[in-house]
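# Understanding the architecture of this molecule
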Amino acid sequence: MQTLDVSHRFSHENLHIRFNTRFDPPQVGILINLLQRYHQSCKRIFIDVRQVEQPDPLAVTALKTAFLHAAYEPQRIVFKGNSGFALAVSGNRVLIVPEKKREKHVCRGNCANCRCGHKKSPQVKSA
């Protein structure tokens, strides 16, 4: 599902929610609805805020208030990204995920299942 810069999916009995660019009051409403709808059917809830640079202060207050009145344990909520520190309440966890360095592929023709099309010519062994 994708609505207002929010997407979610399920994986291994966990709910994963991602905020793409912003965290404003409309996104908080969507997050709270998702949590209320699915919290009983999953073990943990991962909220990915790595793409959110500055959460709206009103949205942060609304989320923290909702967490304080929630029927689920705060230990089940895991934020991913630096903005998670601003959003978390006592008991939540925040994961800092280092960005992957992408190495540029240099084809030498001997890659397994080489997609580059630069196959080495078969070497002929002389006797």
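Before any of the text, the structure's been laid out above.
Residues numbered from 1 in each chain as written. Predicted model: local features only at pLDDT ≥ 70, side-chain atom pairs only at ≥ 80, totals over all residues. Heavy atoms only, no water.

So, on to the overall build of the protein. A count of helical and extended segments in the protein gives 3 helices and 6 strands. The order of α-helices and β-strands along the protein, N terminus first, is β-β-β-α-β-α-β-α-β. Looking at the protein as a whole, 34% of its 127 residues are labelled buried. Sequence-distant contacts, at least 24 apart, represent 54% of the contacts inside the protein between residues at least 6 apart. (Helix = DSSP H or I, 4+ residues; strand = E, 2+ residues; numbered from the N terminus. Buried < 20%, exposed > 50% of the residue type's maximum accessible area, 1.4 Å probe, protein only. Contact = heavy atoms within 4.5 Å.)

Turning to the packing of aromatic side chains, a few remarks are in order. Per the stated rule, a full pass over the model turns up 3 aromatic pairs. Look at F10 and Y38: their rings are 4.9 Å apart centre to centre, the planes differ by 80 degrees, and that puts the pair in the edge-to-face class. With F10 in strand β2 (residues 6-11) and Y38 in helix α1 (residues 25-38), the pair connects residues that are 28 residues apart, well separated along the chain. Centre to centre, the rings of F19 and F23 are 5.0 Å apart; their planes meet at 75 degrees, and the pair counts as edge-to-face. In terms of burial, F19 and F23 fall into one category: buried. (Phe/Tyr/Trp six-rings, centres within 6.5 Å; stacked < 30°, edge-to-face > 60°.)

What follows is about the pattern of salt bridges. When their charged atoms lie close together, side chains carrying opposite charge are able to pair. As enumerated under the stated definition, the model contains 6 salt bridges in all. A salt bridge links K43 to E13; the shortest N-O distance between them is 4.0 Å. Of this pair, K43 sits in the loop between α1 and β4 (45-48) while E13 is found in the loop between β2 and β3 (14-19), placing the two residues 30 residues apart along the sequence. Each of the two residues, K43 as well as E13, counts as exposed. (Salt bridge = Lys/Arg side-chain N within 4 Å of Asp/Glu carboxyl O.)

This next bit is on the environment of V94. With respect to the element layout, V94 can be found in strand β6 (residues 93-95). Taking the C-alpha atoms as reference, V94 lies 8.9 Å from S83; in sequence the two are 11 residues apart. Beyond its immediate chain neighbours, meaning those up to four positions away, V94 contacts F79, G81, G84, F85 and A88.

Our next topic: unusual backbone geometry. Not every positive phi belongs to a glycine, and H12 is a case in point at roughly 50 degrees. In this structure, H12 sits in the loop between β2 and β3. Residues other than glycine seldom take positive phi values, yet E13 does so here, at roughly 65 degrees.

Our focus in this paragraph is the pairing of strand β5 (residues 77-80). Strand direction decides the pairing type here: β4 and β5, joined by 4 bridges, are parallel. Along β5, the bridge assignment pairs I45 with I77. As paired strands, β5 and β6 are joined by 3 bridges and run parallel to one another. The residue bridging F79 from the neighbouring strand is V94, located in β6. (Pairing = 2+ DSSP bridges.)

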